Every structure is written in structure tokens, then in C-alpha cells.
Amino acid sequence: MSSYEENEKKVQTVLERGVGVLAQNYPVRKLDAGEFADPVTFGIQFCVAHYEIENVGHLMTMYTENNPNMLMATYTLTPYYKKLPLISSDYIYNGDGGMFLIEIYELVKNRDDVRFQEWIRKYSERFRDLSDIEDIPTAPAFYDSIRPVFVNKKRTSDRDQDCIQNLIDILKTFIEQEKTQERLDKEDAAEQRAIQRQYVDDLIDQNGVSTKVWVKDHGEAYVRRFFHEVFFGV
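Residues numbered from 1 in each chain as written. Predicted model: local features only at pLDDT ≥ 70, side-chain atom pairs only at ≥ 80, totals over all residues. Heavy atoms only, no water.

*Asks:* Which residues make up the overall build of the chain, and what values go with them?
*Replies:* Summing up its helical and strand segments, the chain has six helices and eight strands in all. Across the chain, helices and strands are ordered from the amino to the carboxyl terminus as α-β-β-β-β-β-β-β-α-β-α-α-α-α. Expected size for 234 residues packed as a compact globule is a radius of gyration near 17 Å; at 17 Å, the chain falls within 12% of this value. The principal-axis extent of the C-alpha atoms belonging to the chain is close to 50 × 40 × 35 Å. Here the chain holds 234 residues, and 50% of them are scored as buried. In the form shown here, the chain has an accessible surface area of approximately 11,400 Å², with 47% of it arising from carbon and sulfur atoms. The averaged location of the 40 negative side-chain charges in the chain is 3 Å from the averaged location of its 29 positive side-chain charges. (Helix = DSSP H or I, 4+ residues; strand = E, 2+ residues; numbered from the N terminus. Rg over C-alpha atoms; globule rule 2.2 N^0.38 Å. Buried < 20%, exposed > 50% of the residue type's maximum accessible area, 1.4 Å probe, protein only. Areas by Shrake-Rupley, 256 points an atom, 1.4 Å probe, with all protein chains shown as cover. Lys, Arg positive; Asp, Glu negative; His and termini not counted. Charge placed at Lys NZ, Arg CZ, Asp CG, Glu CD.)

*Asks:* Describe helix 6 (residues 220-231), listing the residues and the values that go with them.
*Replies:* A rise of 1.5 Å per residue sets the reference length of helix 6, with its twelve residues, at 16 Å; its end C-alpha atoms lie only 14 Å apart and thus fall more than 12% short of the reference. Three or more residues of helix 6 are buried, namely Tyr222, Val223, Phe226, Phe227, His228, Val230 and Phe231. Downstream of helix 6 by one or two residues, Gly233 has phi in the positive range, about 75 degrees. (Expected span 1.5 Å × (residues − 1).)

*Asks:* Outline the environment of Phe42, supporting the account with residue identities and numerical values.
*Replies:* Following the sequence through the fold, Phe42 ends up in the loop between strand 2 (40-41) and strand 3 (44-53). Separated by 172 residues in the primary sequence, Phe42 and Trp214 have C-alpha atoms spaced 7.7 Å apart. Every residue in contact with Phe42, bar those within four places of it in the chain, is listed here: Val213 and Asp217. (Contact = heavy atoms within 4.5 Å.)

*Asks:* Account for the pairing of strand 4 (residues 57-65), naming residues and giving values.
*Replies:* For strand 4, the tally of buried residues reaches seven of nine residues, placing the bulk of the element in the interior. Relative to strand 4, strand 3 is paired through nine bridges, and the arrangement is antiparallel. Bridged to Ala49 within strand 4 is Thr61. Both strand 4 and strand 5 (residues 71-79) contribute to a ladder of seven bridges, which runs antiparallel. Paired with Gly57 across the two strands is Pro79, which belongs to strand 5. Adjacent in sequence and paired antiparallel, strand 4 and strand 5 are bridged by five residues, among which Asn66 carries a positive phi angle near 55 degrees. (Pairing = 2+ DSSP bridges.)

*Asks:* So what's going on with the pattern of salt bridges? Which residues, and what values?
*Replies:* With the rule as written, the count across this model stands at 20 salt bridges. Ionic pairing is found between Arg225 and Glu35, a salt bridge with its closest N-O pair at 2.8 Å. Of the two residues, Arg225 is situated in helix 6 and Glu35 in the loop between strand 1 (28-31) and strand 2; the sequence distance between them amounts to 190 residues. A relative accessible area of 47% means that Glu35 is categorised as partly exposed. We note a salt bridge from Lys109 to Asp188, for which the minimum N-O separation is 3.3 Å. Of the two residues, Lys109 is situated in the loop between strand 7 (97-105) and helix 2 (114-126) and Asp188 in helix 4 (residues 186-205); the sequence distance between them amounts to 79 residues. Each of Asp201, Asp205, Glu220 and Arg224 takes part in salt bridges that share partners, so that together they form one network. (Salt bridge = Lys/Arg side-chain N within 4 Å of Asp/Glu carboxyl O.)

*Asks:* Report on the packing of aromatic side chains, specifying residues and quantitative values.
*Replies:* Counted under the stated rule, the structure contains 17 aromatic pairs. Ring centres of Trp214 and Phe226 lie 5.2 Å apart, and the angle between their planes is 35 degrees; on these two criteria the pair is classed as tilted. Of this pair, Trp214 sits in helix 5 (residues 209-218) while Phe226 sits in helix 6, and the two are twelve residues apart along the sequence. Relative accessible area serves as the criterion here: at 7%, Trp214 is assigned to the buried category. Arranged with centres 4.8 Å apart and planes meeting at 35 degrees, the rings of Phe231 and Phe232 form a pair that is tilted. Accessibility classification places Phe231 together with Phe232 in one group, the buried group. Ring pairs connect the aromatic residues Phe36, Phe46, Tyr105, Phe142, Tyr143, Tyr199, Trp214, Tyr222, Phe226, Phe227, Phe231 and Phe232, which therefore count as one cluster. Above the ring of Phe150, the side-chain terminus of Arg147 is found at 3.6 Å from the ring centroid. (Phe/Tyr/Trp six-rings, centres within 6.5 Å; stacked < 30°, edge-to-face > 60°. Lys NZ or Arg CZ within 6 Å of the ring centre and 35° of its normal.)

Right, here's the structure in full:
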């Protein structure tokens, strides 16, 4: 099996296991991505799917297709009904190189709540398993204050399965947290949704690195609809 085929298999493993761990705990319903299902951006073919996670929120998955220079899997879980973090991840494979990124976003009301911060520390503890893998430095960004816990690592091919497992462990922590939380009332749920929507708009308005490429190729109006309707679902 070529390195490309091996990497292609790993991309599918990220997405299949990421959807599967949720499906083991909640009803998962695939939604119609419509015009956003197969965008071509920066000359790269992407395949996009999104899902309703019943009584939890929204999931988007995206991967590259037929691109010998880069294989990527993106996974974004946006909670609606309870006070939970947004989880975002990218895995990039390029021959024996690449990187992976897992982020925990505190897009909630009263982020300093003691119980909420206890869970944030649990997410941070899960990342210790990867502490020996080389970090990729990150530039300052507007979302630093709401993304206190993340890993951005240089890929080491012999640790690929450990890195995929780390995302699954993070999702298991999310599921554990979800099952301990009370459902938000209508007003608090609306406030949380507004915080999430503001983050999505800020990604576009403040020219995030990857967002900038999408806007250049498709225009701001398209990207804003894509991000709100499919990528984040808010």
C-alpha cells in the first residue's frame, strides 16, 4: 500500500470513528449539505457532510479528495442544548509529514463557572498523552482567550493512531460531560447560540488564515452561509 493510500485510510478512520463514537451514544441523522457538499477551494476538492446529533447539537465533517499533495480531515462539533465546549479538529497528511490540531472552544455564557472549568481541565489532561510530540507554534489570534486548551502538533507517522485516538478520547470526555449537564433553558440556550454565531462571524471578519482562502475563492457571502448553515450550524 502506498503512503497516499495509507494516509487516505487514516483520513477515513478519523471521520468514521469520530461519527461512530457519537452514534454509539446518540441518534445521528445526516443532513443535506446542498451546494456546500463538494466545494473546490484553492484548487482542492473537498467533500462536506453535516449531521444532527439528537439533543446534543451539530456535527460537520470534511475531507479532501483526489489530492496527492495533501489529505485532510476536519471535524467540528457544535453543542446546542447544554453548556459544553465546541470541539474542532484538523488532521493533515502529506507523505510522511503533516500536522494535527484539536481545539476546545469555550463558546458559553459564564466561562469562569467552576464546574465548567473542571471539565476544561479534564480535556487538558487528555492532551498529556501527546506531550512528547513536537508542537507547532501558533500566531496570536482573536480567539486565544476562548480557546485556552488545544494541541497543534507536527505529525510523526508512527504516532498517527495515538493522535486519532486522542480525538476519540476527547469526544468521550465531551459525552461524559454532556451526560452530567442540565439542559439550558430557552434564554440561556439562545445566549449560547449567539456567542457561537459571533465567533463564526469573527472568523470571517478578522481574516482567519484558512478562512481567508475560502473567502478569496468563493466570496464573503458564500463563506458566511457555509459557515453558519453547514460548518458550524449556528
